[in-house]
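# Survey of secondary and tertiary structure
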Amino acid sequence: MSAKRIRAPEPDELTPAGGSSPRPRALPPAGQLRTAAVLALVVLVWRGGLLLIFGPLAARGPYSRGHLILGGIPHILSAWAQWDSGNYLSIAQQGYGHIPGDVAFFPLFPLVLRILGGGTVAGGVVAALILNTVALIGAIILLYQAASRQFGPRAGRWAVAAMLLVPTAFFFGAVYTEATFLLLALAAREAAIRRHFLVASLLAALATASRFPGVLVWILEVADWWEARRAGEVRPLTWLWLPLGLAGLVGYAVWLQVNFGDALAFNRVETTVFGHVSLLTPGRHPILVLRDILGFAAVTAAVLFLRRWIPWRRADVLFLLCSVGVVILSGGFRSSGRYLLVMYPLYFGAGLLATRLPRPLVAALTAASTLGLLFLTFRFTHGYWVG
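Residues numbered from 1 in each chain as written. Predicted model: local features only at pLDDT ≥ 70, side-chain atom pairs only at ≥ 80, totals over all residues. Heavy atoms only, no water.

### Concerning a nonpolar patch on the surface
Just so we agree on the cut-off: Patches draw on residues past 30% relative accessible area with no salt bridge. Two like charges within 9 Å are joined, as are two nonpolar side chains (Val, Leu, Ile, Met, Phe, Trp, Tyr) within 5 Å. Working definition of accessibility: Shrake-Rupley area with a 1.4 Å probe, residue cover restricted to the visible protein chains. Salt bridge criterion: a side-chain nitrogen from Lys or Arg within 4 Å of a carboxyl oxygen from Asp or Glu. Starting at the N terminus, helices and strands are each numbered in turn, a helix being any DSSP run of H or I of at least four residues and a strand any DSSP run of E of at least two. In this scheme, a residue with accessible area under 20% of its type's maximum is buried, one over 50% is exposed, and one in between is partly exposed, where area comes from a 1.4 Å probe on protein chains only.
Among the surface-exposed residues, Leu198, Leu202, Trp241 and Leu244 lie close enough to one another that they form a single nonpolar patch of about 330 Å² accessible area. Mapped onto the fold, Leu244 is located in the loop between α9 (214–230) and α10 (247–260). For Leu244, a relative accessible area of 33% corresponds to the partly exposed category.

Pasting the structure below:
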């Protein structure tokens, strides 16, 4: 009888954080459905609560909506279409080239809004709110499954709580790309862990078509493929799927070159139109460059230090560090609170730490984060900039 090769499982398939006991058995299909239904209900209650609390209170603030005209849309809905929402809705309604700097906003999200919303502003707002609610449900389910598999169900529940109660979590329910991007990132991660690299590449392609940091989803896939290759878990030609993960970014760059004569216009307008000063901006003061480099070094050291207590997968650590690097490189500090939302390894870490820290401290941190969420949601729905 020939020997059968047994694949060495991933660390997060074996044990929870401490590595001292086997991971819980997977729930049967009926149990998985019940868990998914409960998580969907949690998201709907969270979404409905924010709508009912802040929608009626919404008012036109001093920095509200700019060029976006929301005639005929109730405040309970239009309150969630602030700032960058106007760019997405304008692109969905009229296409690119009508607002200065609109090429900075990648095409997938406005394209879906145009298809679902019929090309109108009102339809786009409604489509975005429904789309993001569905995407958030999917992302929450994937987050809970991943965190529970690696750290146990209790950590999975706390990871979900951390994601929904982080002070800028309201962006998941606004006319922004955070919810859809996070769903694509987590789905691509799960596909890569299961060694379905064609599926992971297609999901990464959608992520790169939704925003530039989608490249990080592709990097995550490549890191998982490399691990699988070293372990002998993939077929020799599987690498042929990997370039597909950049199709969204490459396709948009080609389109920009054809229509605007600049394949990197999405990056240039960040400086020329929005005034973002990045690490590589010519003429930047050396002190500021040094500050950014030291800041990234400090974050890297902190992540590596925390890994002593939070056994993140190597690919997740790479995703986290590259995400911070993109923020520093692009100069997007004004939106850092929003960028942090899609750094899902942080939710894994928060979920695990919540099971280990003293309960009074966890309760205090949860209360403070909830108050921050309520305060920033109030400001956002009143038209103030909240990064």
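### Let's talk about empty space enclosed by the protein
The test is simple: Only protein atoms enter the 1 Å grid, on which a cavity is a set of points fitting a 1.4 Å probe that cannot get out and a pocket is an open set with protein on both sides within 12 Å along at least 5 of 7 lines, lining residues being those with an atom within 4 Å of a point. Grid points are joined across faces, edges and corners, and a volume is the space filled by probe spheres set on the points. Residues are grouped as follows: Ala, Val, Leu, Ile, Met, Phe, Trp, Tyr, Cys and Pro are nonpolar; Asp, Glu, Lys and Arg are charged; every other residue, Gly included, is polar.
Within this structure, the stated rule accounts for 1 cavity of 30 Å³ or more. Roughly 30 Å³ of internal volume is contained in the largest cavity. Lining the largest cavity we find Trp83, Phe171, Tyr176, Arg338, Phe380, Trp385 and Val386. Grouping the constituent residues of the lining of the largest cavity by class yields 6 nonpolar, no polar and 1 charged.

### Considering the pattern of salt bridges
If you walk through the whole model with that rule in mind, you get 11 salt bridges. When the shortest N-O distance is used, the salt bridge between Arg211 and Glu178 registers 3.0 Å. Of this pair, Arg211 sits in the loop between α8 (197–210) and α9 while Glu178 sits in helix α7 (residues 178–193), and the two are 33 residues apart along the sequence. Each member of the pair, Arg211 as well as Glu178, carries the same accessibility label: buried.

### With respect to the packing of aromatic side chains
Worth spelling out the cut-off: Two aromatic rings from Phe, Tyr or Trp, using only the six-membered ring of Trp, form a pair when their centres are within 6.5 Å; if the ring planes differ by under 30 degrees the pair is stacked, by over 60 it is edge-to-face, and anything between is tilted. Placement of a positive charge over a ring is assigned whenever Lys NZ or Arg CZ falls within 6 Å of the ring centre and within 35 degrees of the normal to the ring plane.
Scanning all chains against the criterion turns up 20 aromatic pairs. Seen from their ring centres, Tyr96 and Tyr252 are 5.9 Å apart, and the 40 degrees between their planes marks the pair as tilted. Here Tyr96 is found in the loop between α3 (84–94) and α4 (108–117), whereas its partner Tyr252 is found in helix α10, with 156 residues between them in sequence. Centre to centre, the rings of Tyr252 and Trp255 are 6.3 Å apart; their planes meet at 15 degrees, and the pair counts as stacked. You can see Tyr252 and its partner Trp255 sitting in helix α10, 3 residues apart, about one turn around the helix. Assessed through its relative accessible area of 35%, Trp255 is described here as partly exposed. Taken together, the ring pairs in this structure connect Tyr96, Phe106, Phe212, Tyr252, Trp255, Phe260 and Phe266 into an aromatic cluster. The ring of Trp80 has Arg47 lying over it, and the distance from NZ or CZ to the ring centre is 4.4 Å. Just above the ring of Phe171 sits the side chain of Arg338; from NZ or CZ to the centre is 5.7 Å.

### Focus: unusual backbone geometry
Positioned with a positive phi, Trp83 is a non-glycine residue whose angle comes to about 50 degrees. With respect to the secondary-structure elements, Trp83 resides in the loop between α2 (75–78) and α3. Assessed through its relative accessible area of 25%, Trp83 is described here as partly exposed. Located in the positive-phi region is Arg195, a residue other than glycine, with phi close to 65 degrees. With respect to the helices, strands and loops of the structure, Arg195 is situated in the loop between α7 and α8.

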